[in-house]
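Understanding the architecture of this molecule
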Amino acid sequence: MKTGPGRFFEDYRLGEVIAHAVPRTVGAGERALYHALYPARGAVHSSDEFARSVGLAASPLDDLIAFHMVFGKTVPDISLNAVANLGYAEGRWLKPVWPGDTLRAVSEVIGLKETSSGATGLVWVRTRGLDQRGEVVVEYVRWVMVRKRRREVDVPVHVPELAPVVAPETLVVPEGLDFSRYDFALAGERHRWGDYRPGEIIDHVDAVTVEEAEHMLATRLWQNTSKVHFDVGQREDGRRLIYGGHVISLARALSFNGLANAQFIVALNGGAHANPCFAGDTVRAWTEVLDRAEVAAPGVGALRLRLVATRGEAGALRGADGKYLPEVLLDLDYWALVPT
Amino acid sequence: MKTGPGRFFEDYRLGEVIAHAVPRTVGAGERALYHALYPARGAVHSSDEFARSVGLAASPLDDLIAFHMVFGKTVPDISLNAVANLGYAEGRWLKPVWPGDTLRAVSEVIGLKETSSGATGLVWVRTRGLDQRGEVVVEYVRWVMVRKRRREVDVPVHVPELAPVVAPETLVVPEGLDFSRYDFALAGERHRWGDYRPGEIIDHVDAVTVEEAEHMLATRLWQNTSKVHFDVGQREDGRRLIYGGHVISLARALSFNGLANAQFIVALNGGAHANPCFAGDTVRAWTEVLDRAEVAAPGVGALRLRLVATRGEAGALRGADGKYLPEVLLDLDYWALVPT
Amino acid sequence: MKTGPGRFFEDYRLGEVIAHAVPRTVGAGERALYHALYPARGAVHSSDEFARSVGLAASPLDDLIAFHMVFGKTVPDISLNAVANLGYAEGRWLKPVWPGDTLRAVSEVIGLKETSSGATGLVWVRTRGLDQRGEVVVEYVRWVMVRKRRREVDVPVHVPELAPVVAPETLVVPEGLDFSRYDFALAGERHRWGDYRPGEIIDHVDAVTVEEAEHMLATRLWQNTSKVHFDVGQREDGRRLIYGGHVISLARALSFNGLANAQFIVALNGGAHANPCFAGDTVRAWTEVLDRAEVAAPGVGALRLRLVATRGEAGALRGADGKYLPEVLLDLDYWALVPT
């Protein structure tokens, strides 16, 4: 057999380090495609001039390009036999990615636990994306439910302790970033860090009806090989599941309207793909401001934001039973950098 | 409210200058996407080598990329509450845009007039696209019908006088352009400036059946945020309206077959989006040669062209009532540079 | 008439050399679009770092980008009035294409023969793609069935002798290529040249359900102007035929799973577009290892591979009548370079 069946639950060992395949050089093409695939309008990621005005050498690639590229590389080793992508934690962006950088990914298995069903197990991995200098550009913990090959396995239980939120004092600000002369008019909105209050809800107003070709173009661009996104024969209902990261990028781009100045994603506290998204869905987004924190860079503050993507009208998050409502696609908890 | 409702008719003041948000650096990615989105084959915009053979430093980005980018930036300030995009005039391309250039846009309100309905008003703006050196790369007048917030408003009427056609002596030829050693075989057609006669009609033969994913990718690439292009909930018929500029680029690209040597668009005399275009439409194009003019650059002449895009078979332009026939999508009047 | 009707059978002369129009500079944008359009994951074509580790200056563009670009240029002169694209032979890739290279194409008519129907004739051309230095980057023979203008024509028969397979000693290895320190883990699979045995069949497992927007984006990117790919009015069934080269790239990219180390396509021995492909088809691929050959470059071997793309489940190639089964889309015979 020249093709591999992917790993099953019992193939993982606690502490094991998996170097994922296919490094990738990113550049001007990925940048333009990101703008074509998502209604992204953040000024730092749109304009070299604007990026220079806030202390950077040029416009970096969108933070989520790094995330998706790294995530995509992990799929053949982590989630080919996954039943569900359960959560994220302790995600941090440590360096911007620039055109010409080459990304690769490494994951460490940090937790293992059989589920009560007997057919699956949970696998926690800490994944790091590295550039051509071997420096980490993004890292995050993800856990997935993976099929077992056999029902009876001998895997010691280890559930990692994960921080419920990335401590703001550990947020890494891009080197040189200085928002003290930030041009709010050119960025598209006047709202500063201090204008956002914990508890505040922002309806991002815009919506996009999603097409098959779009999510497949995106998912291939990130070299994510999960069959369910491409092949109508993979699900009983004959539908192609949209990669959860596509919904993340779509919601993040929609959040420009109300959060135009949330220029950088610097941490991922948690996230749930609450319900599957399919072509034909009209995706909207709203944000709840969860917290604010000060940051040791001139003119820069951090906002902790809950970004929710919904199918159809934005509304409540959970039903009386505590479960996500069926219209909810994404519930993402992240830290962003905003001018003060 | 962190999101804005957009401007209504009474929010504009004559002479007001609006600096539009989100500067954008364009490059190799936008160039490739333009070729993927439209059947564009113009040799100057396809090949660095060909561009150098006509006196340029390299292949510039398609003239319409500059137009769409600038137009897209104006949408949140000009046409978010527009009912109709009524016309263009006095458009000129003043400098080619090169990979690495950063574009921003500024509009001046040059005309205001209530309509007889009482619910809307007309707003004329002169928009300029500037590069990172602050030099104007493209400028044009556009007027739109915008909703009023209240029926009773106190806005003095001012209807600008607009030139029916850009005077050929004011056309700006890209610096260094020299068509005297133009390679017609490599460009794809043998027809010179002198071969085109006013009154001549050219059927461009080719056609493209348009898909939702394509026009949305394009419209996002230009960072045009108008909701009707993306969200099926915006129109009563549940259809997504295709951005008029997408039809312009499609028709222009289709016109290669018969106008392969019309290398540069240098002026926009006028234009009407005669009927809405939707996915599934099969778009064709024909051109009427309106005029010829001499230009002070070696081997370069100008043709004034009427470019008409239709849905289905190309045919007449207007019915007995003087109105555009329902098959007509676009009626665009422009000046192009052609080798003599 | 400013537009041409294309050439008919009797318009070709044996030995005639046709310089095709519209040179094209390729770069970072085409590279990213290739990754978005196809599930391509080859490490050399994904990563500058990996490419450097095998002796190249940087990551070249995918070998099939060169092929499609060159093929696209020939369409207006060779296949505008073609009824069928019948075969390929004697294809060789002579130089990698790098970002910034400009490609043009020249074809020589090497064979002509009327068909028994009286309505068409066969035209053989040897096409060469040249870069800005005038050096050949790819060459191949293709033959097509072309409509006649008149039934009675006076065209001497000449059927070229074509090699059934490109002799392995004539394969050209990219300058500097050295697989002796090849990183199999980073490339995604551990299989070496010696692990593949003639007669071995590899099912590539993955599948992609194809969308209209995708194949049109690709076909335009290669500036292929054949109407049947874009215009629903071209076929009686109202369907848009997918460019055969799109199926080649799709199948080649799917073959990563099992052939991740087949990094370069260096020769095209033959190929048949067995049945038309349409949007909605779910494309799979399998490969038969046909032969192995040694190559005079450190750590590099050649595999001769039959790549078959099918609609739906992979299975047999031909029926009892010797004809391709209706599920077979592509039967491609090529040489690839693989680490030993």
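All of these numbers come straight from a predicted model, not from anything done at the bench. (Residues numbered from 1 in each chain as written. Chains lettered and ligands numbered in written order. Predicted model: local features only at pLDDT ≥ 70, side-chain atom pairs only at ≥ 80, totals over all residues. Heavy atoms only, no water.)

1. A short note on the interface of chain C and chain B
At the interface, 30 residues of chain C touch 44 residues of chain B. Summing both partners gives a buried area of about 2900 Å² for chain C against chain B, and 59% of it is carried by carbon and sulfur. Summed over the shared surface of chain C and chain B, the result is five salt bridges. Across the pair Arg220 of chain C and Glu214 of chain B runs a salt bridge whose closest N-O atoms are separated by 3.0 Å. (Contact = heavy atoms within 4.5 Å. Buried area = accessible area lost by both parts, 1.4 Å probe. Salt bridge = Lys/Arg side-chain N within 4 Å of Asp/Glu carboxyl O.)

2. Observations concerning the nonpolar core
Among the nonpolar cores identified, the biggest contains 186 residues, and Phe67 and Trp222 of chain A, Phe67 and Trp222 of chain B together with Phe67 and Trp222 of chain C are the most heavily contacted of them. Here Phe67 of chain A is in contact with Tyr88, Trp93, Tyr140, Ile248 and Leu268 of chain A, once residues within four sequence places are set aside. (Core = buried A, V, L, I, M, F, W, Y, C linked by side-chain atoms within 4.5 Å. Buried < 20%, exposed > 50% of the residue type's maximum accessible area, 1.4 Å probe, protein only.)

3. Remarks on the relation of the copies chain C and chain A
Copy one and copy two of the chain differ by a rotation about a common axis and a shift along it. Of the transformation superimposing chain C on chain A, the axial component is 0.0 Å and the angular component is 120°, with the fit at an RMSD of 0.0 Å. These values place the two chain copies in the arrangement generated by a three-fold rotation axis. Closest approach to the rotation axis within chain C is made by the C-alpha atom of Gly29 of chain C, at a distance of 2.3 Å. In this assembly the copies use different faces: only 11% of the residues contributing to the interface of chain C also contribute to that of chain A. (Least-squares fit on C-alpha atoms with pLDDT ≥ 70 in both.)

4. Description of the relation of the copies chain C and chain B
Note on the copies: chain C fits chain B at an RMSD of 0.0 Å, the axial shift is 0.0 Å, and the rotation between them is 120°. Looking at the interface residues of chain C, only 17% of them are also at the interface in chain B, so each copy uses its own face.

5. Focus on the environment of Pro160 of chain A
All names here are of chain A. Topologically, Pro160 is positioned in the loop between strand E6 (136-147) and helix H5 (184-187). Pro160 sits in the buried class, given a relative accessible area of 12%. With 143 residues separating them in the primary sequence, Pro160 and Leu303 have C-alpha atoms 27 Å apart. Setting aside its immediate chain neighbours within four residues, Pro160 contacts Ile110, Gly111 and Trp124. (Helix = DSSP H or I, 4+ residues; strand = E, 2+ residues; numbered from the N terminus.)

6. A short note on the packing of aromatic side chains
Using the criterion set out here, one finds 33 aromatic pairs over all chains in the structure. Aromatic ring contacts, followed pair by pair, group Phe67, Phe71, Tyr88, Trp93, Tyr140 and Tyr243 of chain A into a single cluster. A cation sits over an aromatic face here: Arg292 of chain C above Trp193 of chain C, 5.2 Å from the ring centre. Against the face of Tyr324 of chain C rests Arg318 of chain C, its NZ or CZ located 4.1 Å from the ring centre. (Phe/Tyr/Trp six-rings, centres within 6.5 Å; stacked < 30°, edge-to-face > 60°. Lys NZ or Arg CZ within 6 Å of the ring centre and 35° of its normal.)

7. Focus on the packing of helix H1 (residues 28-37) of chain A against helix H1 (residues 28-37) of chain B
Interaxial distance between H1 of chain A and H1 of chain B falls to 7 Å at its minimum, and their mutual angle equals 60°. On the basis of their axis angle, the class for H1 of chain A and H1 of chain B is oblique. Viewed along their axes, H1 of chain A and H1 of chain B form a crossing whose handedness is right-handed. The segment H1 of chain A lies against H1 of chain B, with Ala28, Gly29, Ala32, Leu33 and Ala36 of chain A engaging Ala28, Gly29, Glu30 and Leu33 of chain B. (Axes fitted to C-alpha atoms, helices over the stretch in contact; angles between N-to-C directions. Parallel < 35°, antiparallel > 145°, perpendicular 65-115°, else oblique. Left-handed = near helix turned anticlockwise from the far one by under 90°.)

8. A few points about the interface of chain C and chain A
Counting from both sides, the interface comprises 44 residues of chain C and, opposite them, 30 residues of chain A. When chain C packs against chain A, close to 2900 Å² is buried across both sides, 59% of that on carbon and sulfur atoms. When the buried area of chain C at its contact with chain A is split by residue, Ala36, Arg41 and Leu186 of chain C rank highest and sum to 22% of it. Our enumeration of links across chain C and chain A arrives at five salt bridges. Measuring nitrogen to oxygen at the nearest pair gives 3.7 Å for the salt bridge that ties Arg284 of chain C to Asp231 of chain A. Between chain C and chain A we count 16 residue pairs in polar contact (both at pLDDT 80 or more) in total. Class assignment of the residues belonging to the side of chain C that touches chain A gives a composition of 21 nonpolar, eleven polar and twelve charged. (Polar contact = N/O pair within 3.5 Å; in protein donor to acceptor, adjacent residues only side chain to side chain. Nonpolar A, V, L, I, M, F, W, Y, C, P; charged D, E, K, R; others polar.)

9. Some details on the confidence of the model for chain A
Of all residues in chain A, 100% have pLDDT values of 70 or greater, and the mean over the chain is 96. At the level of chain-chain contacts, confidence expressed as ipTM amounts to 0.96, with global pTM at 0.97. (pLDDT = per-residue confidence, 0-100.)

10. Quick word on the pairing of strand E9 (residues 264-272) of chain A
All names here are of chain A. Among the nine residues that make up E9, nine are buried, leaving the element largely enclosed by the rest of the structure. Inspection of the sheet shows E9 paired to strand E12 (residues 328-339) by seven bridges, in the antiparallel sense. Opposite Leu268, over in E12, you have Tyr334 as the bridge partner. (Pairing = 2+ DSSP bridges.)

11. Quick notes on the side chain of Arg240 of chain B
Residue position: Arg240 of chain B is located in the loop between helix H6 (212-221) and helix H7 (244-254). Engagement of the side chain of Arg240 of chain B in a polar contact is seen with the backbone oxygen of Thr209 of chain A, the distance being 3.1 Å. Separated by 2.7 Å, the side chains of Arg240 of chain B and Glu211 of chain A make a polar contact. Aside from chain neighbours lying at most four places away, what touches Arg240 of chain B is Thr209 and Glu211 of chain A together with Glu212, His215, Met216, Val228, His229, Phe230, Asp231, Val232, Cys277 and Phe278 of chain B.

12. What to know about unusual backbone geometry
One non-glycine residue, Val205 of chain A, lies in positive phi territory at about 70°. Tracing the chain through its elements places Val205 of chain A in the loop between strand E7 (201-203) and strand E8 (208-209).

13. Thoughts on the packing of H1 of chain A against helix H4 (residues 63-79) of chain A
Residue and element names in this part refer to chain A. For the pair H1 and H4, the least separation of the axes is 11 Å and the interaxial angle reads 105°. When the interaxial angle is binned, H1 and H4 end up roughly perpendicular. Contacts between H1 and H4 involve Glu30, Arg31 and Tyr34 from the first element and Leu64, Ile65 and Met69 from the second. Looking at the contact of H1 with H4 residue by residue, the classes come out as four nonpolar, no polar and two charged.

14. Some remarks on the side chain of Thr74 of chain B
Residues and elements named next belong to chain B. Positionally, Thr74 belongs in helix H4 (residues 63-78). For Thr74, a relative accessible area of 1% translates into the label buried. Non-local contacts of Thr74, meaning those with residues more than four positions away in its chain, are made with His20, Ser79, Ser107, Thr127, Tyr140 and Arg142.

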